[in-house]
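Summary of structural features
Next come the chains, spelled out residue by residue.
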Amino acid sequence: MGKYMIRLCFVLALFRCYPTWAQGEPSITGLNVGMVEEFQPLDPIESQWDGTSYVIPMVSRPLVRRDRHDKLQPFWITQLPTHENGGIQTVTENKIVYTVLSLKLKSQAKWGDGSPITNKDIEYTYNRAKRGPSVHRVRVYDKIEKIIANPSYPDKFSIYISPNHLFNIRDLTDFFIIPVPPQTLSKKLNKEIDEKKDKELTYSSDPNNPKLYNGPYLVKYFKQGNQISLVPNPSYIGKKPSL
C-alpha cells in the first residue's frame, strides 16, 4: 500500500507541474490525475495493470474493506458474517456440503447516479468475472460455487463457497461490484448472457457514466493514456473525500 501511495503522490505532483489542459485538454474542476504509465479503463473486474490499480480504489469499493489497523469492516454489507450471527451456515445439496454466507446490502448502498446497488448486481458481477479475465478470480471468484439473489428481497443474497477451496472472509476485500447492464435486467443472469449486448454499458465505451462507480469519486473526464479527472461522488456512503 505504501509504494502505491508514494507513486500516486509523485504522479499528482507531476501533473500539478505539467497540467494536460495547458496543452489543449479541457479544464475540469475536481481531482485531476496525470498518469506516468499506461492505464486501462477503470473496470474493477478486468483491469490488470498497475497504473489502473492506483485509481480504482478511488472510484470503486469492495464488499468488505480493511481499515488502517488492518481490521475487516463491512462496507456494502450490514455485518461481517459469522457462525454466531447466522451469517455462516453449512448446507448440503446433492450430497455436496457447502459453506454458505448469508449477506444483506446496506440500505444506503448506491451507484454514483443514485440508483440502488442490488443483489442482481452482485450476481451479475460474479457471473461475468467467472467467464472472463479477472485479476481477482484466484483470490475470490474462483472460490465461489454460485451466488443466489433473493427474488423477494433485492438487498439479500447468498454466497456458496466451493468445497474444493479454502475461503476466508478477508477474501471479500477483493469482491468489487459492477452494475447490471440495463438490457440484461429481464434475462437470467448466467453464463449464457450475450456478452456483445453487455458491452453497451462498459468502462471503455461509456467511462464517464456515474452508474459504473460507487467509490468516493466519479469519473468526470477520461482519456486513455493521458488523463483522468475525478469529482466527488454525492451518493458515496463512506467518509466524504477531502480533495
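Scroll up for the structure.
Within each chain, residues carry numbers counting from 1 in the order of the written sequence. The predicted nature of this model means local features are confined to residues of pLDDT at least 70 and side-chain atom pairs, given and counted, to a pLDDT of 80 or more, with totals for whole chains, interfaces and linings taken over all residues. In computing side-chain properties, one takes all heavy atoms of the structure into account and sets aside hydrogens as well as water.

**Things to note about helix 4 (residues 119–131)**
As a reminder of what qualifies: Secondary structure elements follow DSSP: runs of H or I of four or more residues count as helices, runs of E of two or more count as strands, with numbering from the N terminus. A helix's residues, less one, multiplied by 1.5 Å, set its expected span. Relative accessibility decides the category of a residue: with a 1.4 Å probe and only protein chains considered, values under 20% of the type maximum give buried, values over 50% give exposed, and everything between is partly exposed.
Between its first and last C-alpha atoms helix 4 spans 19 Å; for 13 residues at 1.5 Å apiece the expected length is 18 Å, and the two agree. With twelve of 13 residues buried, helix 4 is to be regarded as a mostly interior element. Of all the positions in helix 4, only Asn 119, Asp 121, Ile 122, Glu 123, Tyr 124, Thr 125, Tyr 126, Asn 127, Arg 128, Ala 129, Lys 130 and Arg 131 are classed as buried.

**Some thoughts on the nonpolar core**
Operational definition: Buried Ala, Val, Leu, Ile, Met, Phe, Trp, Tyr and Cys residues that are joined via side-chain atoms within 4.5 Å together make up what is termed a nonpolar core. Note on contacts: a residue pair is in contact if any heavy atoms of the two residues lie within 4.5 Å.
Ranked by size, the top nonpolar core spans 49 residues in total, and within it Leu 42, Leu 63, Phe 157, Ile 159 and Phe 175 carry the most contacts. Secondary structure elements with two or more residues in this core: helix 3 (56–59), strand 5 (96–104), helix 4, strand 6 (144–149), strand 7 (156–161), strand 8 (217–223) and strand 9 (227–232). Contacts of Phe 157, omitting those with residues within four sequence positions, involve Leu 63, Ile 77, Leu 101, Ser 102, Leu 103, Leu 105, Asn 119, Ile 122, Ile 147, Ile 148, Ala 149 and Asn 150.

**Some remarks on the pattern of salt bridges**
Definition in use: Salt bridges are identified by distance alone: a Lys or Arg side-chain nitrogen within 4 Å of an Asp or Glu carboxyl oxygen.
For the structure shown, the criterion picks out eight salt bridges. Across the salt bridge formed by Glu 123 and Lys 120, the nearest N and O atoms sit 3.7 Å from each other. Residue Glu 123 and its partner Lys 120 are both found in helix 4; the two are separated by three residues, about one turn of the helix. For the salt bridge of Asp 171 with Lys 143, the shortest nitrogen-to-oxygen distance reads 3.1 Å. Taken together, the residues Asp 171 in the loop between strand 7 and helix 5 (195–198) and Lys 143 in the loop between helix 4 and strand 6 connect sequence positions 28 residues apart.

**Regarding the packing of aromatic side chains**
Note the threshold: Within 6.5 Å between ring centres, the rings of Phe, Tyr and Trp (the latter by its six-membered ring) count as paired, and their orientation is classed by plane angle as stacked under 30 degrees, edge-to-face over 60, tilted in between.
Tallied over the full model, the rule gives five aromatic pairs. Aromatic side chains Tyr 98 and Tyr 160 sit 5.7 Å apart centroid to centroid with 75° between the ring planes, which places their arrangement in the edge-to-face category. Here Tyr 98, found in strand 5, pairs with Tyr 160, found in strand 7; they are 62 residues apart in sequence, far enough to count as distant. When its relative accessible area of 9% is taken as the criterion, Tyr 160 is described as buried.

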